[in-house]
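Chain by chain, the residues run as shown.
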Amino acid sequence: ASSVWAQVEAHTESAGLRTMLRAPLSRGMASAAGKVVVAPRRRSRLALRAPIQLTETAAERIKELLDRRRESGGGDDGPAALRVGVKTRGCSGMSYTMNYATEKKKLDEEVVEHGVTVWIDSAALMHIVGTTMDYVEDDLSAEFIFHNPNAEGSCGCGESFTTKPLDIGRADG
C-alpha cells in the first residue's frame, strides 16, 4: 500500500499539486481511500491579456466620441464607456455592435487601454476574444476595423463575419 501512496504523491507533485493524504497506510487498499486535501494553487503573477486590444488611433477616436456625447448630454450624465458586442445579422451571420454605455453589466468584460474604457458584452466574448480594434481614415471613409483571429469568413462588403465553431468537450480521436 505504501508504494501506491508514493505513486499518488509523485503524480500530484509532478502536476504541481501539494497534497495531504489522511488515511492509515497499514490497512489494505479498501480502507486507504482517505480524504485528500488539495492546497489551493497560487495565482499566476503574470498579467492576463485583455480580451480585445485597442490601437492608439481607435482609443483616440473612442475618446473623441465619448467626450462629444458627454458634452451634448449635459456633462456627467453621458456615457462612461463604449460597449462592443455582436448581433446575428448580415450575409455571413454576425456583425459587430458598438453602443454608448452608462453602466457596466454584471458579466461584461472591462478593457481599459490608452485612457479609454470599453466593455465587452458577455455574449460576444467568445466570438471576439483576441481581436484588435483599429480606427482607419482614408480619402473616402473613416471606420473602426476589427482584426479578429476567430473569424473564419466574411461577406463581400466586410460588414458581417462567421466564427469557427467551438470544440469544447470534443475528444480527439
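Here's what I pulled together on the structure shown here. In this text, all values refer to a predicted model and were calculated from it rather than measured experimentally.

1. Considering the overall build of the protein
Per the secondary structure count, the protein includes three helices and eleven strands. Counting from the amino terminus, helix and strand elements in the protein follow one another as α-β-β-β-α-β-β-β-β-α-β-β-β-β. Put simply, the protein has 173 residues, and 28% of those count as buried. Sequence-distant contacts in the protein: of pairs separated by 6 or more residues, those separated by 24 or more amount to 46%. Split by element, the accessible area of the protein, about 12200 Å² in all, is 50% carbon and sulfur.

2. Observations concerning the side chain of Arg83
Its location among the elements puts Arg83 in strand S4 (residues 81–88). Here Arg83 is in contact with Thr97, Met98, Asn99, Ala101, Glu103, Lys104, Lys105, Asp108, Trp119 and Asp121, once residues within four sequence places are set aside.

3. Regarding unusual backbone geometry
If you check the backbone angles, His114 has positive phi at about 50° while not being a glycine. Note that His114 resides in the loop between strand S6 (109–113) and strand S7 (116–120). Judged by its relative accessible area of 46%, His114 is partly exposed.

4. What about helix H2 (residues 56–73)?
Structural remark: α-helix, 3.6 residues per turn; residues separated by three or four positions point the same way. Over its 18 residues, H2 extends 25 Å from the first C-alpha to the last, a length consistent with the 26 Å expected when each residue adds 1.5 Å. When we look at burial in H2, the residues that qualify are Ala58, Ala59, Arg61, Ile62, Leu65 and Leu66. Projection of H2 onto a plane perpendicular to its axis shows the buried side chains occupying an angular sector of 165°, all on one side. Residues of H2 that are exposed and angled more than 90 degrees away from the buried face: Glu56 and Glu71.

Basis of the calculations
- Residues numbered from 1 in each chain as written.
- Predicted model: local features only at pLDDT ≥ 70, side-chain atom pairs only at ≥ 80, totals over all residues.
- Heavy atoms only, no water.
- Helix = DSSP H or I, 4+ residues; strand = E, 2+ residues; numbered from the N terminus.
- Buried < 20%, exposed > 50% of the residue type's maximum accessible area, 1.4 Å probe, protein only.
- Contact = heavy atoms within 4.5 Å.
- Areas by Shrake-Rupley, 256 points an atom, 1.4 Å probe, with all protein chains shown as cover.
- Expected span 1.5 Å × (residues − 1).
- Arc of directions from axis to C-beta.

Keep in mind these numbers describe shape, not what the thing actually does.
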